[in-house]
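If you want the building blocks of each chain, they are given just below.
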Amino acid sequence: PQTLLEAPRDVVRNVVAGVFRGDGGVVHPHQVAVTVSNRTLSYQIALACLKLGALPVWRKAHKNHLAVEDPYTVVLSTLQAPEQVPGGELEAGAG
């Protein structure tokens, strides 16, 4: 939401990290992703990542036969500086 995008950087980082920890996962040894069925929310997650200096990939995901809404995925590379990648600790083999 707009309130989050206007919040201090540390608040944005903690919220985005929580989204990736709660609903995200490792999609490649050096990538974490979160998929949601709300286009606006996915776009806001991507914007929040940009605010943190991380460069996300935002895309429409594959819709399975059970889905009602189109899913959208936000992907972050964990090869970026760790302070720029909320949820980067999800990387395979990390703590």
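Look up: the structure comes first, before these words.
Residues numbered from 1 in each chain as written. Predicted model: local features only at pLDDT ≥ 70, side-chain atom pairs only at ≥ 80, totals over all residues. Heavy atoms only, no water.

### Concerning the overall build of the protein
- Per the secondary structure count, the protein includes three helices and four strands.
- Taking all 95 residues of the protein together, the buried fraction comes to 35%.
- Within the protein, contacts between residues separated by at least 24 positions form 62% of all contacts whose residues are at least 6 apart in sequence.
- Accessible area for the protein stands at about 5600 Å²; split by element, carbon and sulfur atoms hold 56% of it. (Helix = DSSP H or I, 4+ residues; strand = E, 2+ residues; numbered from the N terminus. Buried < 20%, exposed > 50% of the residue type's maximum accessible area, 1.4 Å probe, protein only. Contact = heavy atoms within 4.5 Å. Areas by Shrake-Rupley, 256 points an atom, 1.4 Å probe, with all protein chains shown as cover.)

### Points about helix H2 (residues 9-23)
- In a regular helix each residue adds 1.5 Å, so 15 residues correspond to 21 Å; H2 covers 21 Å between its end C-alpha atoms and thus fits that length.
- Close packing links the buried residues of H2 with helix H1 (2-5), strand S1 (24-28), strand S2 (31-36), helix H3 (39-51) and strand S4 (72-77). (Expected span 1.5 Å × (residues − 1).)

### Examining the pattern of salt bridges
- By the definition in use, this model includes two salt bridges.
- Note that Asp70 and Lys63 form a salt bridge whose closest N and O atoms lie 3.8 Å from each other.
- One salt-bridge network, in which partners are shared between bridges, spans Lys60, Lys63 and Asp70. (Salt bridge = Lys/Arg side-chain N within 4 Å of Asp/Glu carboxyl O.)

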